[in-house]
Amino acid sequence: MPRSISRLYAPALGLVINDADPDSVAVGEYYVAARHLQPAQVLRVTLPIKNALSRDEFERLRAIIEVRFGPRIQALALAWTAPFAVECNSISGALALGFDAALCQNSCNRSRQSAYFNSSSSRPLTDHAMRPSMLLAAGSVAAAKAMIDRGVASDGTLSRTDRAPVSVMLLDTD
């Protein structure tokens, strides 16, 4: 595989906070401060605190995200632990790849392939019509803050010249 030198930077990241969830608010505000996000990068919504959204609830959320962030925000961080699904899809997968009703027929099937895989693009929404999404999920606010702190501490460590090179192997077995 070719070495990818492109990456997403903080100005291309949007954060979604669920105002109905006090833990989401605490983690989200901590993330904003740790990552120095600007107000235009933060969306506050009110979602039910339950494991899964219905497809209609998800489509409303996705529309709000599109209107708020438009094409400038290329990736999302979601500051909550629930909802983590949209019917039978993960919420992060549904936001990135779109809701996949076929997964509901057989949840062991593979999800849609990501056009972003092995891409050197730093603009996945612009170049591949997908907005990668991640959950800032942890068992507690303290654990989420510790995870955020580890992420901040790791910034730039792969490009440091005082570190030994790293070899990675990708294996596919049965």
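The model shown is predicted, which means the values in this text are computed figures rather than measured ones.

Conventions used here
Residues numbered from 1 in each chain as written. Predicted model: local features only at pLDDT ≥ 70, side-chain atom pairs only at ≥ 80, totals over all residues. Heavy atoms only, no water. Helix = DSSP H or I, 4+ residues; strand = E, 2+ residues; numbered from the N terminus. Rg over C-alpha atoms; globule rule 2.2 N^0.38 Å. Buried < 20%, exposed > 50% of the residue type's maximum accessible area, 1.4 Å probe, protein only. Areas by Shrake-Rupley, 256 points an atom, 1.4 Å probe, with all protein chains shown as cover. Lys, Arg positive; Asp, Glu negative; His and termini not counted. Charge placed at Lys NZ, Arg CZ, Asp CG, Glu CD. Expected span 1.5 Å × (residues − 1). Arc of directions from axis to C-beta. Contact = heavy atoms within 4.5 Å.

Trainee: Explanation requested: the overall build of the chain in the structure shown.
Mentor: When you go through the chain residue by residue, the secondary structure sums to six helices and seven strands. By the compact-globule yardstick of 16 Å for 174 residues, the chain fits well, its C-alpha radius of gyration being 17 Å. Projected onto its principal axes, the C-alpha positions of the chain cover 45 × 40 × 30 Å. Every one of the 174 residues in the chain was classed for burial, and the buried ones make up 35%. For the chain, the exposed surface amounts to about 10700 Å²; the carbon and sulfur share of it is 55%. When the 18 positive and 16 negative side-chain charges of the chain are each reduced to one mean point, those points stand 6 Å apart.

Trainee: Any chance you could explain helix 6 (residues 141-154) here in plain terms?
Mentor: Residues three or four positions apart in an α-helix share a direction because the helix packs 3.6 residues into each turn. A rise of 1.5 Å per residue sets the reference length of helix 6, with its 14 residues, at 20 Å; its end C-alpha atoms lie 20 Å apart and thus fit the reference within 8%. All of the buried residues along helix 6 are Val-141, Ala-144 and Ile-148. When helix 6 is viewed along its axis, its buried side chains cluster within an angular range of 65° and face the same direction. Along helix 6, exposed side chains directed more than 90 degrees from the buried face belong to Ala-142, Arg-150 and Ala-153. The inward-facing, buried residues of helix 6 abut helix 1 (22-35).

Trainee: How should I be thinking about the environment of Leu-13 in this particular structure?
Mentor: As for its position among the elements, Leu-13 is in strand 1 (residues 13-18). Here the alpha-carbon distance between Leu-13 and Gln-74, two residues 61 residues apart in the chain, equals 6.1 Å. Contacts of Leu-13, omitting those with residues within four sequence positions, involve Tyr-31, Gln-41, Ile-73, Ala-75, Leu-76 and Ala-77.

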